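These are the residues of each chain, in order.
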Amino acid sequence: NAGVMQNPRHLVRRRGQEARLRCSPMKGHSHVYWYRQLPEEGLKFMVYLQKENIIDESGMPKERFSAEFPKEGPSILRIQQVVRGDSAAYFCASSRPGQANTIYFGEGSWLTVV
Amino acid sequence: AQRVTQPEKLLSVFKGAPVELKCNYSYSGSPELFWYVQYSRQRLQLLLRHISRESIKGFTADLNKGETSFHLKKPFAQEEDSAMYYCALSGNTPLVFGKGTRLSVIA
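Below is a summary of the structure that appears in this document. (Residues numbered from 1 in each chain as written. Chains lettered and ligands numbered in written order. Predicted model: local features only at pLDDT ≥ 70, side-chain atom pairs only at ≥ 80, totals over all residues. Heavy atoms only, no water.)

## Topic: the layout of surface pockets
In this structure, the largest pocket occupies an estimated 520 Å³ of space. Taken together, 25 residues line the largest pocket, and the ones lying closest to its centre are Gln 37 and Glu 40 of chain A together with Met 84, Tyr 86 and Arg 102 of chain B. With three residues, the top contributor of residues to the lining of the largest pocket is strand E9 (residues 83-90) of chain B. When the residues that make up the lining of the largest pocket are grouped by side-chain class, the tally is eleven nonpolar, seven polar and seven charged. Lining the second largest pocket are 20 residues, with Leu 43, Lys 44 and Phe 45 of chain A together with Val 96 and Phe 97 of chain B positioned closest to its centre. With four residues, strand E5 (residues 43-50) of chain A is the largest single contributor of residues to the lining of the second largest pocket. Considered class by class, the residues forming the lining of the second largest pocket number nine nonpolar, seven polar and four charged. (1 Å grid on protein atoms, 1.4 Å probe; cavity = no way out; pocket = protein on both sides within 12 Å on 5 of 7 lines; lining within 4 Å. Points joined across faces, edges and corners; volume = space filled by probe spheres on them. Helix = DSSP H or I, 4+ residues; strand = E, 2+ residues; numbered from the N terminus. Nonpolar A, V, L, I, M, F, W, Y, C, P; charged D, E, K, R; others polar.)

## Some thoughts on the environment of Gln 45 of chain B
Within the fold, Gln 45 of chain B resides in strand E6 (residues 45-49). Setting aside residues no more than four positions away along its own chain, Gln 45 of chain B makes contact with Trp 35, Tyr 36, Val 37 and Tyr 39 of chain B. (Contact = heavy atoms within 4.5 Å.)

## So, the pattern of salt bridges
Opposite charge on two side chains permits pairing when their charged atoms draw close. The tally for this structure, following the rule as stated, stands at ten salt bridges over all chains. In this structure, Glu 18 of chain A engages Arg 20 of chain A in a salt bridge whose closest nitrogen and oxygen atoms are separated by 2.8 Å. A single network of salt bridges, built from pairs that share partners, joins Arg 9 and Glu 107 of chain A together with Arg 43 of chain B. (Salt bridge = Lys/Arg side-chain N within 4 Å of Asp/Glu carboxyl O.)

## Some thoughts on the interface of chain B and chain A
With 17 residues of chain B in contact, the opposing surface of chain A contributes 22 residues. Of the roughly 1700 Å² buried at the junction of chain B and chain A (both faces included), carbon and sulfur atoms supply 51%. The largest share of the area that chain B buries against chain A comes from Arg 41, Arg 43 and Pro 94 of chain B, three residues that together contribute 37% of it. Linking chain B to chain A there are one salt bridge. With a closest N to O distance of 3.7 Å, Arg 43 of chain B and Glu 107 of chain A form a salt bridge. Counting every contact that joins chain B to chain A gives five residue pairs in polar contact (both at pLDDT 80 or more). (Buried area = accessible area lost by both parts, 1.4 Å probe. Polar contact = N/O pair within 3.5 Å; in protein donor to acceptor, adjacent residues only side chain to side chain.)

## Digging into the side chain of Gln 38 of chain B
Topologically, Gln 38 of chain B is positioned in strand E5 (residues 32-38). For Gln 38 of chain B, a relative accessible area of 8% translates into the label buried. Among the polar contacts listed, one links the side chain of Gln 38 of chain B to the side chain of Gln 37 of chain A, at a separation of 3.0 Å. Sequence-distant contacts of Gln 38 of chain B, that is, excluding residues within four places in its chain, are made with Gln 37 and Phe 91 of chain A together with Arg 43, Leu 44, Ala 83, Met 84 and Tyr 86 of chain B. (Buried < 20%, exposed > 50% of the residue type's maximum accessible area, 1.4 Å probe, protein only.)

## Looking at the pairing of strand E7 (residues 65-68) of chain A
Residues and elements named next belong to chain A. Only one face of E7 is covered, namely the face carrying Phe 65 and Ala 67; the face carrying Ser 66 and Glu 68 is uncovered. Both E7 and strand E8 (residues 75-79) contribute to a ladder of four bridges, which runs antiparallel. Residue Ala 67 lies in a different strand from E8, and its bridge partner there is Leu 77. Here E7 folds back onto E8 in antiparallel fashion, the turn holding six residues, of which Gly 73 has a positive phi close to 95°. (Pairing = 2+ DSSP bridges.)

## What about the side chain of Glu 32 of chain B?
Secondary-structure assignment places Glu 32 of chain B in strand E5. Judged by relative accessible area, which is 17%, Glu 32 of chain B ranks as buried. Sequence-distant contacts of Glu 32 of chain B, defined by excluding residues within four places in its chain, comprise Asn 101 of chain A together with Arg 49, His 50, Ile 51, Ala 88, Leu 89 and Ser 90 of chain B.

## A few points about the state of the cysteines
All names here are of chain A. Tallied over the entire structure, the rule returns two disulfides over all chains. Disulfide pairing places Cys 23 opposite Cys 92 at an S-S distance of 1.8 Å. Across the S-S bond of Cys 23 and Cys 92 the torsion is about -60°, and the bridge reads as left-handed. One end of the pair, Cys 23, is in strand E3 (residues 19-24); the other, Cys 92, is in strand E9 (residues 88-95), and 69 residues separate them in sequence. (Disulfide = S-S within 2.5 Å.)

## Considering the sheet that holds E3 of chain A
Residues and elements named next belong to chain A. Taken in spatial order, the four strands make up an open sheet running E1-E3-E8-E7, and their pairing is antiparallel. Edge positions in the open sheet fall to strand E1 (5-7) and E7, since each of these has one partner strand only. When strand polarity is set aside, the average angle formed by the axes of neighbouring strands in this sheet is 15°. (Axes fitted to C-alpha atoms, helices over the stretch in contact; angles between N-to-C directions.)

The structure is reproduced here in structure tokens:
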């Protein structure tokens, strides 16, 4: 049973470009969470999704960031017009429905904005 | 509001010394508390959850509701314990994490 898969593992973008990070949950998991880890900071919750529905986006910046989890395919975290401050590790986690306290993390995607 | 506080950003101990990583929480209901560990540039892994009351890799943690704490302890630190440790709380929202404590075990 493959774990949570994230790609790309490393992404370099110039300021103003778009970054797309993908997350495939574990088999049998239909809930996905995105967390951001800034240098020397902890993990900050961003968004919680189930298929075709955003459950909680209270941690998402109001502009330039969006997330989706379509019926088919991986969840995508999209950052438009990236700035240097977006450089961080973005972790995805997944869980079964109703088991938000038992989540499994992916290996993370490291975004560097130059 | 749910909040997790890890007061120490960095903790350095000598190999064989006892370790205690502090965690305090704020939550009005009945929380579930967890400790996660992240080795260098790897994924976060669940280390402990308070409901299972187990010892993993020699680590234990006891939930103290009176002091709203869930400190992580190990009697004898090993070099391979060097990692980032996160305390997390599950209440009525997705897991809330503390800022983490970096444990450095010195040989």
